[in-house]
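Overview (structure and organization)
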Amino acid sequence: MIETPAQNPEPANEGGMTRRTALKALGATLGAAAFAQAIAPLTEWTDNLTIDEYLQKHYKEMSPVDMAMVIARLQTETKEETGVDVHIGDYRPQPGVKFGYALNLSVCVGCRRCAKACHIENNHDRPSGNSYIRVLEMQKGSLDLAKGRVNYDHAVPDKEKFYMPVQCQQCDKPPCVSVCPVEATWKEKDGIVVVDYNWCIGCRYCEAACPYHARRFNWTKPQVPAAEINPDQGYLSNRLRPQGVMEKCTFCLHRSRQGKLPACLEACPTGARVFGNLLDPESEIRWVLQNKRVFVLKEDVGTQPSFFYFFDE
Amino acid sequence: MKRRTPIYALFAVLALAAAGGQWMLTRARPAAADHSTVVARIAVPASKAEVPSNRPPGYRPQVATGVVDYHGNAAGVACMTCHSTRTPNLKNGIAGVVPKDFHQGLAYAHGGQSCLSCHHADDYGSLRLADGRKAAFSEAQLLCAQCHGPQTRDYLHGSHGGMNGYWDKTKGARTRNTCTDCHDPHAPAYPQWTPVFAPRDGGARQQATREAAHAETPNASHHD
């Protein structure tokens, strides 16, 4: 008889590795790698990251119950860290409201009280003197922002100069939102561009994308003396920020969404600032837009700001 | 062929033109506003949820005496304490003519007005409008509005003068400054301020460094 190979199926593998074993090993390796990849974020676990914080969902995916628990947790943490009882509200956009802000450059004297009020209202880091507002001293007859000086230090207003406070323009086409890789920043229905500090990864793409230099980065954990903490806080606005996240002007949404004027407007001694609802034809902001010579900053970049500047005649 | 224009067509065109002209006139110059409406709009702001800050009805200024009363409070005297016995000098305040005995240290820098342009010679507890009628000190805006039209217009539309409170008047009240909260009526030019809160962020530091470098080499061509 002639022996066929079929009758001796594994003639060459005695003492070697079978295909089955090889595939098992390969599968096990891939599986282990996938598992390691899946739990990789855990390697970034730090002492100041709690389980709840780690498992927190995106702002838009949280139910009211989730949100209440998050807020309770944040309030408790603030109490433990600073000893201050704060109230953090989750203020939502009001229907029929789109916020607009206008600034009268003929009236602004450059006293920087708005920047200071922002610093206090929004619980900004004290050592760095952070504020969402930067006041530029500009040469009359020019709108070249690059030539604006921020660190002027003399009696104001100088007759040869005008003063231009710049803050977040709450653009309708915000470049900062489109560059965010994790959707930690977005535009709300009332026009305010917000940041979820618990979702932000701190990559600072938005800071680079903003043509108005309106975004700020928390290089350190913001330090505010307990006695100076503003306890009226909003989840998306002035609550105490963690280290390593972006922040920006929110038109004081913890105030404006409750009908109040923003802190920078209240601080303005000359009334250079006009704030209101763009959808209300009777509002003062609409009167300004209809009756004053209004312009926006860097119109050519197509951001469509909700922040307007004007001169008196 | 000669076209004949009927005479009634000419009349019709004339009548239309007259009516149109009348209509344009009424549009260009609306009927003079009733004074009481203007008073109501300026003195009592349109919404009830809006209060001028610190000039309540019945407010009357007092002249400082430099004397302190038993409780340590500065004692002032009402205007009529002296003015009821003195004859008004119409020229006071105009170009260098200032009271010799009283109101020392008062600034007179308001467009060459006489004191009695604004103060009422018969009742120093009131102000005097241009047509001679009295206005209370709490309605000082009325007086200012006589000359400062654009500012009054902007004030009435919320784009002149500081404010506090609520933008949404259905939710709360708003407090507004009045003219004399910020402008000294005797020297109304807005003063210069010392800016507060010098910036310390990266941009400010970079600018300081740049300017320092520029100052060291003033002749070098400078490129940012």
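Residues numbered from 1 in each chain as written. Chains lettered and ligands numbered in written order. Predicted model: local features only at pLDDT ≥ 70, side-chain atom pairs only at ≥ 80, totals over all residues.

1. Section: the overall build of chain A
- Secondary structure summary: chain A contains nine helices and 12 strands in total.
- For chain A, whose C-alpha radius of gyration is 28 Å, the value lies well above the compact-globule estimate of 20 Å for 313 residues.
- Residue pairs in contact within chain A that sit at least 24 positions apart in sequence constitute 64% of those at least 6 positions apart. (Helix = DSSP H or I, 4+ residues; strand = E, 2+ residues; numbered from the N terminus. Rg over C-alpha atoms; globule rule 2.2 N^0.38 Å. Contact = placed C-beta atoms within 7 Å.)

2. A closer look at the overall build of chain B
- When helices and strands are counted, chain B shows eight helices and seven strands.
- The buried share of chain B, taken over its 224 residues, is 16%. (Buried ≥ 20, exposed ≤ 12 C-beta atoms within 10 Å, placed from the backbone.)

3. Some details on the nonpolar core
- Grouped together as the largest cluster of nonpolar side chains are 62 residues, with contacts concentrated most on A:Ala102, A:Cys114, A:Cys118 and A:Cys264.
- In this structure, A:Cys118 is in contact with A:Ser131, A:Tyr132, A:Ile133, A:Ala263 and A:Cys264, ignoring residues within four places of it in sequence.
- Within the second largest apolar cluster, eight residues are counted, among which are B:Cys118, B:Leu127, B:Cys144 and B:Cys179. (Core = buried A, V, L, I, M, F, W, Y, C linked by C-beta atoms within 7 Å.)

4. Brief notes about helix α8 (residues 202–216) of chain B
- Under the 1.5 Å per step criterion, the end-to-end length of α8(B) is 21 Å for 15 residues, consistent within 8% with the ideal 21 Å.
- Counting buried positions over the 15 residues of α8(B) gives zero, only a small fraction of the element. (Expected span 1.5 Å × (residues − 1).)

5. Focus on unusual backbone geometry
Residue and element names in this part refer to chain A.
- The linkage connecting Val156 with the following residue, Pro157, adopts the cis geometry, with an omega of -5°.
- In the Ramachandran plot, His213 falls in the positive-phi region, its phi being about 50° despite a non-glycine side chain.
- Among the secondary structure elements, His213 is positioned in the loop between α6 (205–209) and β7 (216–217).
- Taking the number of C-beta atoms within 10 Å as the measure of exposure, His213 has 16 and is therefore partly exposed.
- Positive phi values are uncommon outside glycine, yet Lys298 reaches one of about 50°.
- The residue Lys298 is located in the loop between β11 (293–295) and β12 (307–311) in this model.

6. Some words on the interface of chain A and chain B
- Across the contact, 39 residues belong to chain A and 30 residues belong to chain B.
- Of all the elements in the fold, those that place two or more residues in the side of chain A that touches chain B are α4 (113–121), β10 (273–277) and α9 (284–291) of chain A.
- At four residues, the largest contribution of residues to the side of chain A that touches chain B is made by α4(A).
- Among the residues forming the side of chain A that touches chain B, the class breakdown is 17 nonpolar, 13 polar and nine charged. (Nonpolar A, V, L, I, M, F, W, Y, C, P; charged D, E, K, R; others polar.)

7. Digging into the pairing of strand β2 (residues 99–104) of chain A
Residues and elements named next belong to chain A.
- Counting buried residues in β2 gives six out of six residues, a clear majority hidden from the surface.
- Side chains Phe99, Tyr101 and Leu103 project from β2 onto one buried face, and the interleaved Gly100, Ala102 and Asn104 project onto a second face that is buried too.
- Inspection of the sheet shows β2 paired to β12 by four bridges, in the parallel sense. What sits directly across from Leu103, in β12, is Tyr309. (Pairing = 2+ DSSP bridges.)

8. Brief notes about the sheet that holds β11(A)
All names here are of chain A.
- Pairing in this open sheet of four strands is mixed, and the strands run β10-β2-β12-β11 from one edge to the other. At either end of the open sheet lies a strand with only one pairing partner, and these are β10 and β11. Strand-to-strand twist of the sheet, defined as the mean angle between neighbouring strand axes without regard to direction, takes the value 30°. (Axes fitted to C-alpha atoms, helices over the stretch in contact; angles between N-to-C directions.)

9. What to know about helix α6 (residues 149–156) of chain B
Residues and elements named next belong to chain B.
- Among the residues of α6, those classed as buried are Thr152, Asp154 and Tyr155. One face of α6 carries all of its buried residues, which in axial projection span an arc of 165°. Across α6 from its buried face, at more than 90 degrees, point the exposed residues Gly149 and Pro150.
- Positioned one or two residues after α6, Gly158 has a phi angle of 70°, which is positive. (Arc of directions from axis to C-beta.)

10. Quick look at the environment of A:Cys200
Residues and elements named next belong to chain A.
- By the secondary structure assignment, Cys200 is in the loop between β6 (193–195) and α6.
- C-alpha separation for the pair Cys200 and Lys98, spaced 102 residues apart in sequence, amounts to 25 Å.
- Apart from residues no more than four positions distant in its own chain, Cys200 is found in contact with Ala184, Val195, Val245 and Met246.

11. Quick word on the confidence of the model for chain B
All names here are of chain B.
- For chain B, the mean per-residue pLDDT works out to 77, and 72% of the residues sit at or above 70.
- When the criterion is pLDDT under 50, residues 28–48 qualifies, and its contacts beyond four places in sequence or with other chains add up to 13 contacts.
- Here residues 220–224 is a poorly scored stretch, pLDDT under 50, and it has three contacts once near neighbours within four places are set aside; other chains count.
- Scoring of the predicted complex yields 0.78 for pTM and 0.81 for ipTM. (pLDDT = per-residue confidence, 0-100.)

12. Describing the environment of A:Lys292
- With respect to the element layout, A:Lys292 can be found in the loop between α9 and β11.
- Looking at A:Lys292, the number of C-beta atoms within 10 Å reads 21, which means it is buried.

13. Regarding the pairing of β12(A)
Residue and element names in this part refer to chain A.
- Burial within β12 is extensive, with four of its five residues counted as buried.
- Bridge count for β11 against β12 is three bridges, and the pairing is antiparallel. By the bridge assignment for β12, Phe295 is matched with Tyr309.

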